[in-house]
Amino acid sequence: MFDLIVKNATLPDGRRGLDIACAGGEIAALEAGITAQAGEVIDAGGLLVSPPFVDVHFHMDATLSLGRPRMNVSGTLLEGIALWGELKPLQTVEEIIERALRYCDLAVSMGIGAIRSHVDVCDDELKGVQALLEVKRQVADYLELQLVAFPQDGVLRDPAALENLTRALDMGVDVVGGIPHFERTMQAGADSVRILCEIAAERGLMVDMHCDETDDPLSRHIETLAHETQRLGLQGRVAGSHLTSMHSMDNYYVSKLIPLIAEAGLHAIPNPLINIMLQGRHDSYPKRRGLTRVRELRDGGINVAFGSDCVMDPWYSLGRACMLDVAHMGLHVGQLSSREDMRWCFDAVTVNPARAMGLEGYGLEVGCAADMVLLQARDPIEAIRLRPVRLAVIRAGRVIASCAPQIGALALPGRPGRVDPAAYAPRERSDA
Ligand code: FE2
């Protein structure tokens, strides 16, 4: 007797016609034609069942604050940072909790099972830290929230930031963050990387730095991050987020840099929606795209995971907690158009970020957590093309969110009355 069986599922790796049986919060069996009884049975009808989406880069302390206290008129990263500085003293812990919980509801309904959120520690009251630690506690049963101590104003540039960051880690924040390109000088940026990596090494923590989020081809803190990771033995525990300067760097230098990043076992976290919106703002034409070298990093053996970064906040006024929107943008801007590349873009919002976050029990195998999402699409490429509804979101073997299938209604004489957006199969199966 199982708690739940999802029948006739297609998995992202192409396996078809499988039944997924869940018991005790885990996947207990994964094979075709399971006949045992279950408390609940869902017929996937051959549609795609994926492990949950993972958003490895987000700012939950700022989300859903759009318009407070005003809009970002220039659309630039720097006006966003200034606007956030205006909002911080105005908001309360209760307000941050309320917004964050509303966002978590949306994220769960969109099939997100884990989020790594940066939380600004440049605030002597640590309001964001207090709020998000409470949110983490409240959502723990249905959403894994990992917090990064993020010194938004620069851990050296802001005189109180280092002490506040240390306090945040003492309070239980999980990961050490940084923003070396925002420090006053290139040297101060390099010093910040060293100091923050040493803190992580001493405490046995992971590192995730906003790194080189600029169009400056000479912003090279990722090189320092790779070096410090090697020096301190932090391989596999460190991520570089954004890395947009790599877009503009000299090609010869990059040919040296990518092997260094791979050797240090860094994870790379581009944020396609935000990077395409914020970068290149000082250019006329041609305008740089501002996404890091996704294909080259991946082909260099680096784990590349896409993050969403922002939803309705001082930096980005759109967003809907849809990691397929993120994959869709990453696919286009990175020109990842082959069938293999498009399938990889699905991995970049599922298994790759799970690896960067060090999630345990993630995946669709016997013994993994019984967490999964049933999508109204037949394979990962169709999922990115349609960005369809999440028919069922399952956590620990229980349906925690659901949505009716999206079927259009036509009122045209002589034409069929219903339009199923998933009814247009390619001539060759997309996973063939
Ligand atoms: Fe960010």
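Residues numbered from 1 in each chain as written. Predicted model: local features only at pLDDT ≥ 70, side-chain atom pairs only at ≥ 80, totals over all residues. Heavy atoms only, no water.

A. The arrangement of the sheet that holds strand E16 (residues 398-402) in detail. In space, the four strands of this open sheet follow the order E5-E14-E15-E16, with antiparallel pairing throughout. Either end of the sheet is taken by a strand with one partner, and the two such strands are strand E5 (49-50) and E16. (Pairing = 2+ DSSP bridges. Helix = DSSP H or I, 4+ residues; strand = E, 2+ residues; numbered from the N terminus.)

B. Quick peek at the sheet that holds strand E1 (residues 2-9). Strand order in the open sheet formed by four strands is E3-E2-E1-E4, with mixed pairing between adjacent strands. The two strands at the open ends of the sheet, each matched to only one other strand, are strand E3 (26-31) and strand E4 (38-43). The mean inter-strand angle of the sheet, taken between neighbouring strand axes irrespective of direction, is 20°. Alignment of E1 against strand E2 (residues 18-23), held across four bridges, turns out to be antiparallel. In the strand pairing of E2, Leu4 is matched with Cys22. (Axes fitted to C-alpha atoms, helices over the stretch in contact; angles between N-to-C directions.)

C. Structural detail: the coordination of the iron ion. Bound to the iron ion are the protein donor atoms His57 (NE2), His59 (NE2), His210 (NE2) and Asp309 (OD), situated 2.2 to 2.4 Å from the metal. For the iron ion, the four donor atoms are set out with angles of 86 to 178° between them, so the coordination reads as irregular. Along the chain, the residues donating to the iron ion fall in the pattern H-x1-H-x150-H-x98-D. One end of the pair, His57, is in strand E6 (residues 53-58); the other, His210, is in strand E10 (residues 206-211), with 153 residues separating them in the sequence. Per residue, the accessibility class of His57 equals that of His210, and both read buried. (Donors = N, O, S within 2.8 Å, 3.2 Å for Na, K, Ca; no water. Tetrahedral: all angles 85-135°; square planar, octahedral: opposite > 155°, others 65-115°. Buried < 20%, exposed > 50% of the residue type's maximum accessible area, 1.4 Å probe, protein only.)

D. Quick peek at the packing of helix H2 (residues 93-109) against helix H3 (residues 127-139). At a closest axis distance of 9 Å, the pairing of H2 and H3 adopts a crossing angle of 40°. Classified by the interaxial angle, the pair formed by H2 and H3 is oblique. Regarding H2 and H3, the two cross each other, and that crossing is right-handed. Along the contact surface, H2 presents Val93, Ile96, Ile97, Ala100, Leu101 and Cys104, while H3 presents Lys127, Gly128, Gln130, Ala131, Leu132, Glu134, Val135, Gln138 and Val139. Among the residues forming the contact of H2 with H3, the class breakdown is 10 nonpolar, three polar and two charged. (Parallel < 35°, antiparallel > 145°, perpendicular 65-115°, else oblique. Left-handed = near helix turned anticlockwise from the far one by under 90°. Contact = heavy atoms within 4.5 Å. Nonpolar A, V, L, I, M, F, W, Y, C, P; charged D, E, K, R; others polar.)

E. Layout of the nonpolar core. Counting 105 residues, the largest nonpolar core has Met60, Ile115, Val135, Ile222, Leu225, Met246 and Leu297 as its most contacted members. No other element matches the eight residues that H2 contributes to this core. Residues from two domains meet in this core; each of domain 1 (2-51 + 363-402) and domain 2 (53-357) gives at least three. Ignoring any residue separated from it by four or fewer positions in sequence, one finds Met60 in contact with Ala100, Tyr103, Cys104, Ile115, Ser117, His118, Leu132, Val135 and Leu145. Grouped together as the second largest cluster of nonpolar side chains are 22 residues, Val6, Leu30, Val389 and Ala392 included. (Core = buried A, V, L, I, M, F, W, Y, C linked by side-chain atoms within 4.5 Å. Domains from an automatic or database assignment.)

F. Up close: the environment of Leu196. By secondary structure assignment, the location of Leu196 is in helix H5 (residues 186-203). We classify Leu196 as buried; its relative accessible area is 0%. Counting along the chain gives 12 residues from Leu196 to Asp208, while the straight-line C-alpha distance between them is 10.0 Å. Those residues in contact with Leu196, other than ones at most four positions away along the chain, are Val155, Leu165, Val176, Gly177, Gly178 and Met209.

G. Local environment of the pairing of E2. Burial within E2 is extensive, with five of its six residues counted as buried. Alignment of E2 against E3, held across five bridges, turns out to be antiparallel. Within E3, the position partnered with Ile20 by the bridge is Leu30. Counted between consecutive antiparallel strands, the loop separating E2 from E3 contains two residues, among which Gly24 sits at a positive phi close to 60°.

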